[in-house]
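# Remarks on the overall topology
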Amino acid sequence: AASGAGGPEDPPCAAYPALESIARLSAAFPAAPLPQLLPRALPPHPKVSEMLRHFELALPGDEALSAPAGGYQVSTLRPAELLPEGSDNDPARTALVEWRHSGGGDVTSVVGCGEHFGSADAAALAGLGPTFAELPSQSALVAALLQSHAVGADALLLGGKGSGKTAAARRFAAALGYEPHVVYCYRDMGARDLLLRRETDASGSTVWRHTEAVRAAVSGGLLVIEAAHRLPAGVLAATLGRLLTDRALQMPDGTRLLPPGHYDELAASLGADELTARGVLRVHPAFRVLATAEPPGGADAA
């Protein structure tokens, strides 16, 4: 959500989508204090901390991180019976989240969910073992992820090794019935590797298949990008930037991904079969991206 403005001494800048997500979070969860929402979008940098203190928007110590959901807790998570008018969501892939706040002002959110929502196998499909234990700190973190999901925002879990990033991602997937599509990043990973995978067919010929990122987008899955800090600088933004911000993508093989509203307009005039023949695919409304990374300067930081 942030990038450097130049040299290492320059303050980082927050991207517009990150600031927009804070505005949507504040509107959707009005009882959440703004100082508890801001750390979720602004980069962890001394200059940022200094700016927040200057405008009296910083909480002392780790208070902002201790309540990442701004005092809200999930009271009910169930299938949605009715969708708001004009919603792009698939009725079969939509859940209702009811939130309780310690100071009153309960709210309700409509969110996309996975194919296994409500299934007894959801935890196992998300990668949680039978001995998995509930931790209050992770429950609060998952609640914050659900809030971001409710306002249409993807998320990055930033923390050191062993801090529970992967476990939190799996808990989020299990809560909503997603079977995660996982991409494991490495230092020499190129832009094409995030979109296309080279395989050999039965005749021995080389063919290119869509990666987990594209399959998740089209099927409405949860894309988990593990260890994003290992990617070469600029690769993630150059490759998946439009998919993250606009839910659109131009593939190297000519395939085009379009956001659901735009695709549906074209399908109404041209027909879905014609769009498929042209290599135009619809990004599912339930598609969500969750990345994990270590902070800059960590042992494996790029």
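The structure presented is a predicted model; accordingly, all values stated were derived computationally and were not measured.

## Observations regarding the sheet that holds strand β11 (residues 249-250)
Think of a sheet as strands paired side by side through backbone hydrogen bonds, with each pair either parallel or antiparallel. In spatial order, the strands read β11-β12-β13; together these three strands make up an open sheet with mixed pairing. With one partner strand each, in any of the chains shown, β11 and β13 (280-282) form the two edges of the open sheet. Across three bridges, the pairing between strand β12 (residues 256-258) and β13 is parallel. From the neighbouring strand, Leu258 faces β13, where its bridge partner is Arg282.

## Some points on the nonpolar core
By size, the foremost hydrophobic cluster in this structure holds 40 residues, and its most contacted members are Phe29, Trp99, Phe172, Leu176, Leu222 and Leu290. Secondary structure elements with two or more residues in this core: α1 (16-28), α3 (46-54), β4 (94-101), β5 (107-112), α6 (136-150), α7 (165-176) and β10 (222-226). The element contributing the most residues to this core is α7, with six residues. Ignoring sequence-local partners within four residues, the contact set of Leu290 consists of Leu145, Ala155, Leu157, Ala169, Phe172, Leu222, Leu223, Val224 and Ile225. Counting 25 residues, the second-largest nonpolar core is a separate cluster that includes Leu194, Ala217, Leu249 and Val283.

## So, the packing of aromatic side chains
In this structure the tally under the stated criterion is two aromatic pairs. On the basis of an interplanar angle of 70° and a centroid distance of 5.2 Å, the ring pair of Phe29 and Tyr72 is categorised as edge-to-face. In this pair, Phe29 sits in the loop between α1 and α2 (34-37) while Tyr72 sits in strand β3 (residues 72-79), placing the two residues 43 residues apart along the sequence. Both residues of the pair, Phe29 and Tyr72, count as buried. Looking at Phe29, the relative accessible area reads 1%, which means it is buried.

## Re the environment of Ala217
Relative to the assigned elements, Ala217 resides in helix α8 (residues 212-219). Judged by relative accessible area, Ala217 falls into the buried class, the value being 0%. Along the chain, Ala217 and Ala248 lie 31 residues apart, while their C-alpha atoms are 9.6 Å from each other.

## A word on helix α9 (residues 235-245)
Residues lying three or four places apart along an α-helix face the same way, a consequence of the helix completing one turn every 3.6 residues. The set of residues buried in α9 consists of Val235, Thr239, Leu240, Gly241 and Leu243. The inward-facing, buried residues of α9 abut α8, β10, β11 and β12. Backbone geometry just after α9 places Arg247 at a positive phi near 55°.

## Focus: the environment of Thr245
For Thr245, the position within the fold is in helix α9. Put simply, Thr245 and Tyr16 are 229 residues apart on the chain and 9.7 Å apart in space, counted from C-alpha to C-alpha. Of the polar contacts made by the side chain of Thr245, one reaches the backbone oxygen of Gly241; its length is 3.0 Å.

## Notes on the sheet that holds strand β7 (residues 181-184)
Across the sheet, which stays open at both edges, the four strands sit in the order β6-β14-β10-β7 with parallel pairing between neighbours. Edge positions in the sheet fall to β6 (155-158) and β7, since each of these pairs with one other strand and no more. Each adjacent strand pair in this sheet contributes to an overall mean axis angle of 15°, direction not counted. Two strands pair when backbone bridges link them, and β10 and strand β14 (residues 288-293) are joined in this way by four bridges, in the parallel orientation. Residue pairing in the sheet places Leu222 in a bridge with Arg288 of β14.

## Side note on the pairing of β10
When you tally the buried positions in β10, you get five out of five residues, the bulk of the element. Across the two faces of β10 the burial is the same, with Leu222, Val224 and Glu226 and Leu223 and Ile225 all buried. Relative to β10, β7 runs parallel, the two being bridged by four bridges. Directly across from Tyr184, in β10, lies its bridge partner Glu226.

Rules and cut-offs
- Residues numbered from 1 in each chain as written.
- Predicted model: local features only at pLDDT ≥ 70, side-chain atom pairs only at ≥ 80, totals over all residues.
- Heavy atoms only, no water.
- Pairing = 2+ DSSP bridges.
- Helix = DSSP H or I, 4+ residues; strand = E, 2+ residues; numbered from the N terminus.
- Core = buried A, V, L, I, M, F, W, Y, C linked by side-chain atoms within 4.5 Å.
- Buried < 20%, exposed > 50% of the residue type's maximum accessible area, 1.4 Å probe, protein only.
- Contact = heavy atoms within 4.5 Å.
- Phe/Tyr/Trp six-rings, centres within 6.5 Å; stacked < 30°, edge-to-face > 60°.
- Polar contact = N/O pair within 3.5 Å; in protein donor to acceptor, adjacent residues only side chain to side chain.
- Axes fitted to C-alpha atoms, helices over the stretch in contact; angles between N-to-C directions.

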